[in-house]
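A structural walkthrough
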Protein chains: 2
Amino acid sequence: MDDRAWLKPETSYESYGVEDARITAIDGAYFVNYSAVSEHGIATGLVETVDFRSYTRHGIIFPPSNRDVALFPQRVNGLYLCYHRPMPGEFGRYSIWLSSSPDLVRWGDHRLVLQGSEMGWDSGRVGGGAPPIWAEHGWLSIYHAADRQQRYCLGAFLASHADPAQVIARTREPIFIPEALYEVSGFFPNVVFTCGVTLVDGIIRLYYGAADDSIALAEAPLTSLLGLMTAS
Amino acid sequence: MDDRAWLKPETSYESYGVEDARITAIDGAYFVNYSAVSEHGIATGLVETVDFRSYTRHGIIFPPSNRDVALFPQRVNGLYLCYHRPMPGEFGRYSIWLSSSPDLVRWGDHRLVLQGSEMGWDSGRVGGGAPPIWAEHGWLSIYHAADRQQRYCLGAFLASHADPAQVIARTREPIFIPEALYEVSGFFPNVVFTCGVTLVDGIIRLYYGAADDSIALAEAPLTSLLGLMTAS
């Protein structure tokens, strides 16, 4: 373990590690959710910081098995929102769900948002990626999906501003696939996986993990990305 | 489907059925949580009623895979509480968790309460049973557990009044096992499973499903039940 890590495993829910941190700025503070991995399974924890020195722990916000939580940067209809990805149990497919919260800690009113397909690039699993971004035509999300050979690609969808459980449009084919040498080979080959995206001056900047080994950056105009979407 | 059923499948989360209803009286209303079963998995839904004629839906309070929710009949430290039983994902054992809520709809601060053992009567799975009962020495819960041959028995534990994530004492052996003909044979043989228990004048009355076929009643003095527990 990195001795200089900012967030280290401390609780019994983190004995195997803290992973896939996603940062969302909300109301002047930074909320960092992460996968809390232990013998009890994979849950999602939340900490809050203003300076990235100290932080306040908010405990486990989603019990096992649930990860890929992506917090919205602002309230919608008075409530905080997030996408999350429960793990299927005895049956059911991997799916992204929406839920709402009065305090970012306690979540409910869970609704299904998006599922992978039976075949193809998103038939293995799907899950939230970067925190959603407010764009003119809707909430923009870049998410990940894997096929049954565990090749991880990225897709995008646009959800209603008023009700982000409603997908307005989505890409049917992956927008980003492992191609570069550092994406197709490494600790976990054939993986591109994002936890953070920015939209500045019409340019999407996609920060992503490549083969679970390095962090890389890709850029595209928002208009190009939207052009790849079809109505849902 | 029973045409006279009080609660019928209505939403896309209930297409396979609504099961295992548990009723808790809180603040003058009745809250009924149930397993909402569909192609999306097994989730937990909540409705509220005052007269058992009409009801108000509160949606999905725990996303798949999560069932065996048992609501506490009163707030503790200002928050509503429940036990719930997330389904293990890629790893982790069946366990009962506690969480808290400001409104009975949105739940968080999930903490592990109780796990089954590696061997024996509770090595297959465990889960909440009846809503917890306030007893003099702690919150009393009757819960179910199954062994790896899917024989379902009942156990009991006592949790701290101030923090019901802390188990004070529990039974190590089952307190109730399938023995009668209607328990060992039926739709799902070798099952006793409770969703409701009362404590009146020192007598525990255990209403339980037998072999997923019929409803039966067993009674015992509370003192006898407590006598079977050992400190946790």
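Quick look at the structure, then. Keep in mind that this is a model prediction, so the values were computed, not measured.

1. Topic: the pairing of strand β1 (residues 17-26) of chain A
All names here are of chain A. Inspection of the sheet shows β1 paired to strand β2 (residues 29-38) by eight bridges, in the antiparallel sense. Along β2, the bridge assignment pairs Gly17 with Val37. Where β1 folds back on β2, the antiparallel hairpin that results is connected by two residues, among which Asp27 adopts a positive phi of roughly 50°.

2. A few points about the packing of aromatic side chains
Overall, the coordinates contain 28 aromatic pairs over all chains when judged by the stated rule. A centroid spacing of 5.0 Å and a plane angle of 70° characterise the contact between B:Phe72 and B:Trp139, whose relative ring orientation is edge-to-face. Residue B:Phe72 is located in the loop between β5 (66-71) and β6 (80-86), and its partner B:Trp139 is located in strand β11 (residues 138-146); the two are separated by 67 residues in the primary sequence. In this pair, the class of B:Phe72 matches that of B:Trp139, namely buried. By the ring-pair criterion, three or more aromatic residues cluster together here, those being A:Phe72, A:Tyr83, A:Trp121, A:Trp139, A:Tyr143 and A:Phe157.

3. Describing the environment of A:Ser12
All names here are of chain A. Structurally, Ser12 can be placed in the segment before β1. By relative accessible area, Ser12 is classed as partly exposed at 45%. Distance in space between the C-alpha atoms of Ser12 and Ser160 is 38 Å, their sequence separation being 148 residues. If near-sequence neighbours (up to four positions away) are discounted, Ser12 is found in contact with Ser38 and His40.

4. Remarks on a nonpolar patch on the surface
All names here are of chain A. On the surface, a nonpolar cluster with roughly 260 Å² of combined accessible area is contributed by Ile23, Tyr30 and Phe52. Along the chain, the position of Ile23 falls in strand β1. Taking the relative accessible area as the measure of exposure, Ile23 reaches 46% and is therefore partly exposed.

5. Re the interface of chain B and chain A
Listed per partner, the contact involves 40 residues of chain B and 40 residues of chain A. Here chain B and chain A share two salt bridges between them. Residue B:Arg125 pairs with A:Glu90 through a salt bridge whose shortest N-O separation is 2.8 Å. Counting every contact that joins chain B to chain A gives 15 residue pairs in polar contact (both at pLDDT 80 or more). Counting only elements with at least two residues in the side of chain B that touches chain A, the list comes to β2 (29-38), β3 (41-49), β4 (56-62), β6, β7 (95-101) and β8 (106-115) of chain B. With eight residues, β8(B) is the single largest residue contributor to the side of chain B that touches chain A. Broken down by class, the residue content of the side of chain B that touches chain A amounts to 20 nonpolar, 13 polar and seven charged.

6. Focus: the relation of the copies chain B and chain A
Least-squares fitting of chain B to chain A yields an RMSD of 0.0 Å, with the superposition described by an axial translation of 0.0 Å and a rotation of 180°. In the structure described here, the two chain copies are related by an operation that fits a two-fold rotation axis.

7. As for unusual backbone geometry
Look at the link from A:Pro64 to A:Ser65: it is a cis peptide, with omega at -15°. Following the sequence through the fold, A:Ser65 ends up in the loop between β4 (56-62) and β5 (66-71). Even without being glycine, B:Phe52 reaches a positive phi, approximately 60°. Take B:Phe52: it is sitting in the loop between β3 and β4. Residue classification places B:Phe52 among the partly exposed positions, given a relative accessible area of 31%.

What counts and what doesn't
- Residues numbered from 1 in each chain as written.
- Chains lettered and ligands numbered in written order.
- Predicted model: local features only at pLDDT ≥ 70, side-chain atom pairs only at ≥ 80, totals over all residues.
- Heavy atoms only, no water.
- Pairing = 2+ DSSP bridges.
- Helix = DSSP H or I, 4+ residues; strand = E, 2+ residues; numbered from the N terminus.
- Phe/Tyr/Trp six-rings, centres within 6.5 Å; stacked < 30°, edge-to-face > 60°.
- Buried < 20%, exposed > 50% of the residue type's maximum accessible area, 1.4 Å probe, protein only.
- Contact = heavy atoms within 4.5 Å.
- Patch = residues over 30% accessible without salt bridge, like charges linked within 9 Å, V, L, I, M, F, W, Y side chains within 5 Å.
- Areas by Shrake-Rupley, 256 points an atom, 1.4 Å probe, with all protein chains shown as cover.
- Salt bridge = Lys/Arg side-chain N within 4 Å of Asp/Glu carboxyl O.
- Polar contact = N/O pair within 3.5 Å; in protein donor to acceptor, adjacent residues only side chain to side chain.
- Nonpolar A, V, L, I, M, F, W, Y, C, P; charged D, E, K, R; others polar.
- Least-squares fit on C-alpha atoms with pLDDT ≥ 70 in both.

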